[in-house]
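Residue-level listing of the chains:
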Amino acid sequence: MTGPDWREAGLSHIWLPYTQMHTASPPLPATTTAGCRIHLADGRNLVDGIASWWTACHGYNHPHIRQAAIDQLARMPHVMLGGLVHEPALRLARRLADLLPGDLERVFFSDSGSVAVEVAIKMAMQYWLNRGQKARTRLVAFRGGYHGDTLATMAVCDPEEGMHSLFAGILPQHFITDLPSDDQATAALERLMEAEGQHVAAILVEPLVQGAGGMLFHDPATLRRLREIADRHGVLLILDEIFTGFGRTGTMFACQQADIVPDIITLSKALSGGTVPLAATVARRHVFAAFLSDDPMRALMHGPTFMANPLACACANASLDLFESEPRLEQVAAIGMQMRDELAPCRHLPAVRDVRVLGAIGVVELERISDMNRLKARLLDQGVWVRPFRTIVYLTPAFTITKDELGHLTRAIRTVLAEAP
Ligand SMILES: Cc1ncc(COP(=O)(O)O)c(C=O)c1O
């Protein structure tokens, strides 16, 4: 079906994410994407400011990734990984191990960020079980954090902003505290670790940027402190780089800016260049070693049906080719500079609390957004696809965005925020 028919026929059957279906205004019908543009069924052509939840780092429909997908589709779109392996997965695993710092070298594939974090949590807990330490069942995670929507990951999200209160009594209990960004918060974390360290399996954090929690930035020193605290108390450090991985903060991985190596890292979103779902949980050598035994029960008991889907791995390999052949990190730096210049005037607007930029992430934080629907509608009027949430208006464009397209996005934000948001 074309035109409005498919929309009318399907809308009363689809259940949309994070949406009060009773009151929400109808979603916009997208028909095609190209580069940094989203085309709508009504003919509008929007400049995309968020790269589909931070995934499409090379823009949409990049010909190199498209060709890799077509070739793989013809050869083998899917085969189970149980008992079988295939070239796209093995090549991707080796390439990720080469790219990641230190001895992060054992790659477990899955199909979404939440599952990658679930696997990391399970890995950390079983690591201790396999080593005979049964009491290490809790995690330390941080206010402002977001790690996914499944039950185990909800339990390590920010307790205020996540769904902790709604699901109180259902979620496993972990230690959620402040990031050790200042002396007071560091002392509090130290006290927590002194008192409870023997029950902690791992510290879990999004490095440098807590994304869905409000694009909150912290410095590399905070990460180094976490590595040091984890080492001193003998617990694992898990970095969730699902948002920050693959160049978004200016380096291939955010942890490189702190010069630390986590014990486990999670990747997704831009891993496949934003084309097909794919995620990975990558462990260091010593973590993997704890699962090696003559006892089959010490194996990692996990195996998503579509893990290491060949089509997704082929797209991810093509995406890594582009990081090698095109100047992505230079593009990130240029995007950062342009956003710094062009979002700076927002600082003088009365409703603006903060303007911050890191890598290719630009954030304007407001005191409050009194009419979110109106704000979204006004941004659309400017021909841009920008999705404010909570009190922030942010840009995470594709790294291939042109100067003009980025200028269009920043101008739209300046214009709309100059009206009362
Ligand atoms: C840091 C982080 N971890 C985990 C997730 C969950 O990923 P997914 O939505 O693919 O399950 C997200 C998604 O936004 C994320 O930003």
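A quick note: this is a predicted structure, and the numbers were derived from the prediction, not measured.

Engineer: Help me get a handle on the overall build of the chain, residues and values and all.
Structural biologist: When helices and strands are counted, the chain shows 14 helices and 16 strands. Its C-alpha atoms give the chain a radius of gyration of 22 Å, near enough to 22 Å, the size a compact globule of 421 residues would have. Along the first, second and third principal axes, the C-alpha set of the chain runs to 60 × 55 × 45 Å. Out of the 421 residues belonging to the chain, those deemed buried represent 44%.

Engineer: Any chance you could break down the environment of Thr391 for me, citing the residues and the numbers?
Structural biologist: Positionally, Thr391 belongs in the loop between strand 15 (384-385) and strand 16 (392-395). It is 5.3 Å that separates the C-alpha atoms of Thr391 and Leu366, two residues lying 25 residues apart in sequence. With sequence-adjacent residues up to four places away left out, Thr391 is seen in contact with Glu365, Leu366, Glu367, Arg368 and Ile369.

Engineer: Tell me about the domain arrangement of the chain, and name the residues and values.
Structural biologist: Split by domain assignment, the chain resolves into domain 1 (5-58 + 327-418) and domain 2 (64-325). Its C-alpha centre places domain 1 at a distance of 27 Å from the equivalent point of domain 2. Taken together, the 23 residues of domain 1 in the interface contact 19 residues of domain 2. Looking at the side of domain 1 that touches domain 2, the elements with two or more residues in it are helix 2 (51-54), helix 12 (328-343), strand 13 (352-358), strand 14 (361-366) and strand 16. Counting residues per element, the side of domain 1 that touches domain 2 draws most heavily on helix 12, which supplies five residues. Residues of the side of domain 1 that touches domain 2, tallied by class, amount to 14 nonpolar, six polar and three charged.

Engineer: Got a sec to walk through the site of the ligand? Specific residues and values, please.
Structural biologist: Around the ligand sit 14 residues in total, of which Ser112, Gly113, Ser114, Gly148 and Ile242 are the nearest. Along the lines of polarity and charge, the residues of the shell around the ligand split into five nonpolar, seven polar and two charged.

Engineer: I'd like to hear about the pairing of strand 7 (residues 200-205), residue by residue, with values.
Structural biologist: With respect to burial, strand 7 is a largely interior element, six of its six residues being buried. Bridge count for strand 5 (residues 138-142) against strand 7 is three bridges, and the pairing is parallel. If you follow Arg138 over to strand 7, its bridge partner there is Val200. Pairing geometry for strand 7 and strand 10 (residues 236-240), over four bridges, is parallel.

Engineer: Just give me the short version of the sheet that holds strand 16, but keep the residues and values in it.
Structural biologist: One open sheet holds the three strands; their spatial order is 13-14-16, and the pairing between them is antiparallel. Sheet topology places strand 13 and strand 16 at the edges, where each strand pairs with a single neighbour. Sheet twist, expressed as the average angle between the axes of neighbouring strands with direction ignored, equals 10°. In this structure, strand 13 lies alongside strand 14, joined through six bridges in antiparallel fashion. Bridged to Val352 within strand 14 is Leu366. Lying over the sheet, helix 12 contacts strand 13, strand 14 and strand 16, oriented at roughly 165° with respect to strand 13. On the sheet, helix 14 (residues 403-418) packs against strand 13, strand 14 and strand 16 and is oriented at approximately 165° with respect to strand 16.

Engineer: Please set out the packing of helix 3 (residues 63-75) against helix 11 (residues 310-325) residue by residue, giving values where relevant.
Structural biologist: Look at helix 3 against helix 11: their axes get within 8 Å of each other, and the N-to-C directions meet at 150°. Our classification of the angle between helix 3 and helix 11 gives roughly antiparallel. Helix 11 is crossed by helix 3, and the crossing has right-handed handedness. From helix 3, His64, Ile65, Ala68, Ala69, Gln72 and Leu73 reach across to helix 11, where they touch Pro310, Leu311, Ala314, Cys315, Asn317, Ala318, Ser319, Asp321 and Leu322. Grouping the amino acids of the contact of helix 3 with helix 11 by side-chain chemistry returns ten nonpolar, four polar and one charged.

Engineer: Got a sec to walk through the sheet that holds strand 5? Specific residues and values, please.
Structural biologist: Spatial strand order, 4-12-11-10-7-5-6: seven strands in an open sheet with mixed pairing. Edge positions in the open sheet fall to strand 4 (104-110) and strand 6 (175-177), since each of these has one partner strand only. When the angles between neighbouring strand axes are averaged without regard to direction, this sheet yields 20°. Most of the contacts of helix 7 (residues 183-196) go to strand 6, to which it runs at about 165°, and overall it touches strand 5, strand 6 and strand 7. Along the sheet, helix 8 (residues 220-232) makes contact with strand 7 and strand 10, crossing strand 10 at roughly 150°.

Engineer: Describe the packing of helix 4 (residues 87-99) against helix 11, naming the residues involved and giving the relevant values.
Structural biologist: Orientation of helix 4 relative to helix 11, taken along the N-to-C sense of each, is 40°, at an axis distance of 8 Å. The angle between helix 4 and helix 11 places the two elements in the oblique class. Relative to helix 11, helix 4 is oriented so that their crossing is left-handed. Residues Pro88, Ala89, Arg91, Leu92 and Arg95 of helix 4 touch helix 11, and the partners they reach there are Pro310, Cys313, Ala314, Ala316, Asn317 and Leu320. Tallied by class, residues from the contact of helix 4 with helix 11 come to eight nonpolar, one polar and two charged.

Parameters at a glance
Residues numbered from 1 in each chain as written. Predicted model: local features only at pLDDT ≥ 70, side-chain atom pairs only at ≥ 80, totals over all residues. Helix = DSSP H or I, 4+ residues; strand = E, 2+ residues; numbered from the N terminus. Rg over C-alpha atoms; globule rule 2.2 N^0.38 Å. Buried ≥ 20, exposed ≤ 12 C-beta atoms within 10 Å, placed from the backbone. Contact = placed C-beta atoms within 7 Å. Domains from an automatic or database assignment. Nonpolar A, V, L, I, M, F, W, Y, C, P; charged D, E, K, R; others polar. Near = placed C-beta within 6 Å. Pairing = 2+ DSSP bridges. Axes fitted to C-alpha atoms, helices over the stretch in contact; angles between N-to-C directions. Parallel < 35°, antiparallel > 145°, perpendicular 65-115°, else oblique. Left-handed = near helix turned anticlockwise from the far one by under 90°.

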